[in-house]
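# A look at the structure
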Amino acid sequence: MNPLLKEIRHNPLLWLLALVPVALIAAKLAPTAHTLLFIFSVLAIVPLAALLSHATESVAEKTGDTVGGLLNATLGNLTELVIATAALRAGEHELVKGSIAGAIVTNTLFMLGASFLLGGLNHHVQEYNRASARLHAGLLLLATIALLGPSAIAKADLVPGAALTQKLSAALAVLLVVGYGLGLLFSLKTHREIFAGAEHAEDAEPAWPIGLALVTLAVVTVLVALVSEIFVESVQQAAETFGMSQAFVGFVVVALVGGAAEMAVAFSAARKNRLDLSVGIALGSASQIALFVAPVLVLLSYVIGPMPMDLQFWPGAIVMVFVATLVAAFITSGGRSAWFVGVLLLLVYAVFAITLYLLPPQAQ
């Protein structure tokens, strides 16, 4: 525990960990103080994200950037899966779909763009394994095509009702999970040498022991899930107070706060010239949400939800996911990055965010 206590003493950002029990207690004592709970939960997630960043980097030192990126993406998306599961029980399908699409766009554009920008400010030109980026871009394209199916058919009025759309969504969910599993087999087993990251010089700061890092990962992931649930419960009312639409909240606010832990790791890795880890987290998290989290939620809705959820998204969400996938595939095809590449990705994300803020979609 000494490395962890030393980190908390010397990092003022981690002093905000005191707000974690404050947020949990406030949620029990004052569940209707939505704006206050929103502020507490956001401030509590920040130090948890920093701890998760340090622990994941320590694990990545032992496992390599490819497995480290997958581990961080999985832990980060576990929080979103827990939150979405709670929303499924309440039958809030539109909230679940909005958070899924928003997380894909945010990870693909904002997280990747900010990583390129922060890394480029510290290093003139950075290189990363473009084979890994191409694999994730291909998986995202597969998911986008699958999402287009139910939406296009429903828009064209080719089916008499929602029953066939739900059957199609369930079949596509199984196919996407199979595709994601085969992608993991390809990148981590049969062709792992293609996706190996570059060697890095030893950092001046020693990594945590692997046992401490794994325990910290487990505990912090649970705390992030608990605090994130408070955030989601309070964000809708707080959004009305701040004048934000539900579409903007789902796509931007929830996605940014929900991905804070992953972003902290990706940004730190980029500044240390470990762009393989950053790209693996950003695109790996997006592809995992599209090909694993979303299909699992569709299948879970048959068990825990009041009614099954389908993969029919509103047209604007499909367009944004598709454009984000194409932009990421084009930007990462060269395997090299500089700070202006990150600016381009952030500008595309800003276009989407401003559009949603000023022109929210009509209620479904």
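Note that the coordinates shown come from a computational prediction; the quantities given were computed from them, not determined experimentally.

### Observations concerning the nonpolar core
In this structure, V105, F116, F251 and L297 are the most contacted members of the largest nonpolar core, which totals 112 residues. Of the residues forming this core, the biggest block, 15 residues, is contributed by helix α11 (residues 275-304). Dropping the residues within four chain positions of it, F251 is found in contact with G98, A101, G102, V105, T106, W314, A317, M320, Y349 and L356.

### Description of the packing of aromatic side chains
Working definition: an aromatic ring pair is given by the centre-to-centre distance plus the angle between the planes. Scanning all chains against the criterion turns up 8 aromatic pairs. Here F110 and Y349 contribute two aromatic rings whose centre-to-centre distance is 5.4 Å and whose plane-to-plane angle is 50°, an arrangement assigned as tilted. With F110 in helix α5 (residues 93-122) and Y349 in helix α13 (residues 339-358), the pair connects residues that are 239 residues apart, well separated along the chain. Looking at F110, the relative accessible area reads 24%, which means it is partly exposed. With relative accessibility at 8%, the residue Y349 sits in the buried group.

### Concerning helix α2 (residues 19-29)
Every buried residue belonging to α2 is among L19, V20, A23 and A26, and all of these are buried. Around the axis of α2, the buried residues are gathered within 135° of arc, so they sit on the same side. Opposite the buried face of α2, by more than 90 degrees, sit the exposed residues K28 and L29.

### A closer look at the side chain of E262
Along the chain, E262 turns up in helix α10 (residues 260-271). Here E262 occupies a buried position and makes no salt bridge, while the nearest side chain of opposite charge, R271, is found at 16 Å. Within the structure, E262 has its side chain in polar contact with the side chain of S285 (distance 2.6 Å).

### Focus: the packing of α5 against α11
Between two packed helices, what matters for the description is the angle formed by their axes and the separation of those axes. Relative orientation of the contacting elements α5 and α11 amounts to 170°, with a least axis distance of 9 Å. Taken together, the axes of α5 and α11 lie roughly antiparallel to each other. Contact residues: V96, I100, A103, I104, N107, T108, M111, L112, S115 and F116 in α5; L275, S278, V279, I281, A282, L283, S285, A286, I289, A290, A294 and L297 in α11. Class assignment for the residues of the contact of α5 with α11 results in 17 nonpolar, 5 polar and no charged.

### Let's talk about the packing of helix α8 (residues 210-242) against helix α9 (residues 246-258)
Running from amino to carboxyl end, α8 crosses α9 at an angle of 140°, the nearest separation of the two axes being 11 Å. If you check the angle between α8 and α9, you find them oblique. Judged by the sense of rotation from one axis to the other, the crossing of α8 with α9 is right-handed. Residues F231, V235, Q236 and A239 of α8 pack against Q246, V249, V253, V254 and V257 of α9. For the contact of α8 with α9, a count of residues per class yields 7 nonpolar, 2 polar and no charged.

What counts and how
Sequence order sets the numbering: in each chain, residues are counted from 1 along the sequence as written. In keeping with the model being predicted, local features are shown solely for residues with a pLDDT of at least 70 and side-chain atom pairs are shown and tallied solely at 80 or more, while totals for entire chains, interfaces and linings include all residues. The side-chain values count all of the structure's non-hydrogen atoms but skip hydrogen atoms and water molecules. Nonpolar cores were defined as sets of buried Ala, Val, Leu, Ile, Met, Phe, Trp, Tyr and Cys residues, with membership established by side-chain atoms within 4.5 Å. Note on classification: 1.4 Å probe, protein chains only; a residue is buried when its accessible area is under 20% of the maximum for its type, exposed when over 50%, partly exposed between these limits. Counting from the N terminus, the helices are the DSSP runs of H or I reaching at least four residues and the strands are the DSSP runs of E reaching at least two. In this analysis, two residues are considered to be in contact whenever any of their non-hydrogen atoms come within 4.5 Å of each other. Pairing of aromatic rings covers Phe, Tyr and Trp, the last through its six-membered ring, and needs centres within 6.5 Å; plane angles under 30 degrees mean stacked, over 60 mean edge-to-face, and all others mean tilted. Note that the arc is defined by the directions from the helix axis to the C-beta atoms. Asp and Glu count as negative and Lys and Arg as positive, but His and the ends of the chain are not part of the count. Basic side-chain nitrogens of Lys or Arg form a salt bridge, by our definition, when they fall within 4 Å of a carboxyl oxygen of Asp or Glu. We call two N or O atoms a polar contact when they sit within 3.5 Å, provided that within protein one can donate a hydrogen and the other can accept it, with sequence-adjacent residues counted only if both atoms are side-chain atoms. Axes, fitted as lines to C-alpha atoms, cover a helix only where it is in contact. Angles between the N-to-C directions of the axes lie from 0 to 180 degrees. Just so you know how the angles are binned, under 35 degrees is roughly parallel, over 145 roughly antiparallel, 65 to 115 roughly perpendicular, and the rest oblique. Residue type decides the class: Asp, Glu, Lys and Arg count as charged, Ala, Val, Leu, Ile, Met, Phe, Trp, Tyr, Cys and Pro as nonpolar, and the leftover types, Gly among them, as polar. The handedness criterion is simple: a crossing whose near helix is rotated anticlockwise from the far helix by less than a right angle is left-handed, and one whose near helix is rotated clockwise is right-handed.

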